[in-house]
Amino acid sequence: MSDYQYLILGGGMTADAAAHGIRELDPDGTIGLIGSETDPPYNRPPLSKGLWKGDAVESIWRKTGETGVDLMLGRTATAIDPDRHQVTDDLGEVHGYGKLLIATGASPRRLPFGDSSVIYYRTVADFRRLHAIAARHGSVVVIGGGFIGSEIAAALTLNGVTVTMLFPEDAIGARLYPADLAQSVTAYYRDKGVDVRPGEEVVQIEQHERHAVVTTKSGARIIADVVVAGVGVQPNVALATAAGIAAEDGILIDDHLMTARHDVYAAGDVARFMVPELGRRMRVEHEDNALTMGRAAGRAMAGDKAVYHHLPFFYSDLFDLGYEAVGETDPRLETVADWITPFREGVVYYLHEGRVRGVLLWGIFGQVDAARALIAEAGPFTAGTLHDRIKATP
């Protein structure tokens with residue numbers, strides 16, 4: 001049995017940020033990290049961004065080992081005993097802890113067709129496999145028109161891959177963008193050479209010796225080297241709930257990132273936290289949340305009493321388009337678009353009962369803090385009062 005003052009479950013960006021957060025306040029405390037991937041913690045955004053533009057794989061590693069953490073990679077925690085302050089892993093080893101962080105992230109939703117011909121794009125191992133196909137300018141079917149689907153479709157196309165996008169919605173980004181912007185993005189992707197097929201439901205994927213065949217509900221059959229699926233994720237809460245730790249689409253944590261069990265914290269994709277500006281709990285699956293919450297959790301474990309009230313942002317690169325966004329970006333809310341150049345540069349506000357709930361900064365960068373401040377204001381706001389409220393330059 002091993003004993004650590006701090007034990008971290010998970011091997012992603014949140015786990016790395018937590019280790020660094022601990023070291024900011026406790027330079028000597030023992031830290032253990034159990035991660036299911038055989039690779040050490042790395043930056044995930046480059047997997048669908050910079051690595052496809054020529055950045056070296058070596059640039060993604062977060063150098064977690066420099067914190068003095070004991071990296072136990074290729075392992076999975078199988079049970080938590082909060083009363084005994086112990087964790088058991090899949091090798092049967094038991095690890096004692098003083099403070100525990102659950103940073104187990106999220107897992108891709110799976111399609112009911114088997115996994116042999118489908119890449120559920122999430123890890124550097126997935127990148128290595130897909131990059132080998134791109135190197136020979138193969139063909140890929142991308143299932144999903146959301147965040148991952150749109151990013152990887154653009155990245156592959158820029159690398160000479162023949163890409164077909166299939167998704168049930170009416171347009172790319174239909175669950176994020178207002179309808180007219182989503183239609184504009186869809187037309188833009190077609191102009192870039194992507195075969196975009198909205199309203200298509202996949203009913204079968206067959207793996208042949210050297211290719212996959214995708215069949216849709218409309219009867220279409222598409223042959224490709226491989227299929228990439230980006231159909232959402234689910235938080236990895238089973239370990240926590242089995243230990244009696246409350247979860248509702250994410251592990252519930254307080255303003256100090258602690259669960260209802262003493263000395264057990266949660267952070268990152270797996271955690272559901274309160275956002276005072278919105279008056280509700282959120283679970284966010286993006287870089288800013290992983291890094292900011294991970295660091296705060298590490299500091300909290302090491303004794304920091306600060307309250308965590310951070311409203312995270314996220315961003316995306318789509319060919320020559322790009323955006324930053326913060327808050328609730330749900331097109332079912334009232335949307336107000338303030339365009340400088342229609343569908344190329346401007347701000348989209350998401351409102352409910354006169355309050356700004358979210359902001360999409362389309363082609364505008366460096367204004368996330370201004371968006372956060374606006375979300376914190378009581379309003380009421382209208383289309384007229386929001387005109388030119390956030391400008392293109394800080």
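Presented here is an overview of the structure given in this document. (Residues numbered from 1 in each chain as written. Predicted model: local features only at pLDDT ≥ 70, side-chain atom pairs only at ≥ 80, totals over all residues. Heavy atoms only, no water.)

Considerations on the overall build of the protein
Part 1 of the argument: A count of helical and extended segments in the protein gives eight helices and 25 strands.
Part 2 of the argument: Taken over the C-alpha trace, the protein has a radius of gyration of 22 Å; the compact-globule value for 394 residues is 21 Å, and the two agree within 12%.
Part 3 of the argument: The dimensions of the protein, computed from C-alpha atoms along their principal axes, are 60 × 60 × 35 Å.
Part 4 of the argument: Expressed as a percentage of its 394 residues, the buried residues of the protein come to 53%.
Part 5 of the argument: Partitioning the contacts of the protein with sequence separation of at least 6, the portion at a separation of at least 24 is 60%.
Part 6 of the argument: Surface accessibility of the protein: about 16,700 Å² in total, with carbon and sulfur atoms responsible for 49%. (Helix = DSSP H or I, 4+ residues; strand = E, 2+ residues; numbered from the N terminus. Rg over C-alpha atoms; globule rule 2.2 N^0.38 Å. Buried < 20%, exposed > 50% of the residue type's maximum accessible area, 1.4 Å probe, protein only. Contact = heavy atoms within 4.5 Å. Areas by Shrake-Rupley, 256 points an atom, 1.4 Å probe, with all protein chains shown as cover.)

A few points about the sheet that holds strand 12 (residues 202–207)
Part 1 of the argument: On the basis of which strands lie adjacent, the open sheet formed by three strands has the order 12-13-14 and antiparallel pairing. Lying at the two open borders of the sheet, with one neighbouring strand each, are strand 12 and strand 14 (221–224). Between one strand axis and the next, the sheet turns by 20° as a mean value, whatever way the strands run.
Part 2 of the argument: Judged from the five bridges that link them, strand 12 and strand 13 (residues 212–216) form a sheet pairing that is antiparallel. Among the inter-strand pairings, V202 is bridged to a residue of strand 13, identified as T216. (Pairing = 2+ DSSP bridges. Axes fitted to C-alpha atoms, helices over the stretch in contact; angles between N-to-C directions.)

A look at the nonpolar core
Inside soluble globular proteins, nonpolar side chains tend to come together where they are buried.
Part 1 of the argument: Judged by nonpolar contacts, the single largest core of 64 residues is most densely connected at Y349 and V359.
Part 2 of the argument: The greatest single-element share of this core, amounting to five residues, is contributed by strand 1 (residues 2–9).
Part 3 of the argument: The next biggest cluster of nonpolar side chains, apart from the first, holds 47 residues, and it includes I119, Y121, F127 and V226. (Core = buried A, V, L, I, M, F, W, Y, C linked by side-chain atoms within 4.5 Å.)

Topic: the packing of helix 1 (residues 13–25) against helix 6 (residues 287–301)
Part 1 of the argument: One can describe the packing of helix 1 onto helix 6 by two numbers: an axis separation of 6 Å at closest approach and a directional angle of 35°. Once helix 1 is placed against helix 6, the crossing between them reads as right-handed. For the pair helix 1 and helix 6, contact is made by M13, T14, A17, A18, G21, I22, E24 and L25 and by E287, A290, L291, G294, R295, G298 and R299, respectively.
Part 2 of the argument: For the contact of helix 1 with helix 6, the class distribution of residues is seven nonpolar, four polar and four charged. (Left-handed = near helix turned anticlockwise from the far one by under 90°. Nonpolar A, V, L, I, M, F, W, Y, C, P; charged D, E, K, R; others polar.)

Observations regarding the pairing of strand 22 (residues 321–327)
In the case of a regular strand, side chains alternate between the two sheet surfaces.
Part 1 of the argument: Among the seven residues of strand 22, seven are classified as buried, and the element is accordingly described as predominantly covered.
Part 2 of the argument: With six bridges connecting them, strand 21 (residues 313–318) and strand 22 associate as antiparallel partners. Directly across from S316, in strand 22, lies its bridge partner Y323.
Part 3 of the argument: Adjacent in sequence and paired antiparallel, strand 21 and strand 22 are bridged by two residues, among which F319 carries a positive phi angle near 55°.
Part 4 of the argument: Alignment of strand 22 against strand 25 (residues 355–362), held across five bridges, turns out to be antiparallel. Bridged to Y323 within strand 25 is W362.

A short note on the packing of aromatic side chains
Part 1 of the argument: For the coordinates displayed, the defined rule picks out 12 aromatic pairs.
Part 2 of the argument: Ring centres of Y42 and W61 lie 5.8 Å apart, and the angle between their planes is 90°; this geometry places the pair in the edge-to-face category. One end of the pair, Y42, is in the loop between strand 2 (31–35) and strand 3 (70–73); the other, W61, is in the loop between strand 2 and strand 3, with 19 residues separating them in the sequence.
Part 3 of the argument: Residue class for Y42 comes out buried when judged on its relative accessible area of 1%.
Part 4 of the argument: Residue class for W61 comes out partly exposed when judged on its relative accessible area of 26%.
Part 5 of the argument: Judged by centre distance (6.0 Å) and plane angle (80°), the ring pair of Y177 and Y323 falls under edge-to-face. On the criterion of sequence distance, the pair formed by Y177 in the loop between strand 10 (162–167) and helix 4 (179–191) and Y323 in strand 22 is long-range, its members being 146 residues apart.
Part 6 of the argument: With relative accessibility at 3%, the residue Y177 sits in the buried group.
Part 7 of the argument: By relative accessible area, Y323 is classed as buried at 1%.
Part 8 of the argument: Sitting above the plane of the Y120 ring, R110 keeps its charged end 4.3 Å from the centroid. (Phe/Tyr/Trp six-rings, centres within 6.5 Å; stacked < 30°, edge-to-face > 60°. Lys NZ or Arg CZ within 6 Å of the ring centre and 35° of its normal.)

Concerning the sheet that holds strand 22
Part 1 of the argument: Here five strands make up an open sheet; going across it, the order is 21-22-25-24-23 and the pairing antiparallel. Sheet topology places strand 21 and strand 23 (334–341) at the edges, where each strand pairs with a single neighbour. Neighbouring strand axes in the sheet, compared pairwise and without regard to direction, differ in orientation by 15° on average.
Part 2 of the argument: Running at roughly 35° to strand 21, helix 3 (residues 147–158) makes contact with strand 21 and strand 22 of the sheet.
Part 3 of the argument: With respect to the sheet, helix 7 (residues 368–376) is in contact with strand 21, strand 22, strand 24 (345–352) and strand 25, its orientation differing from that of strand 25 by roughly 165°.

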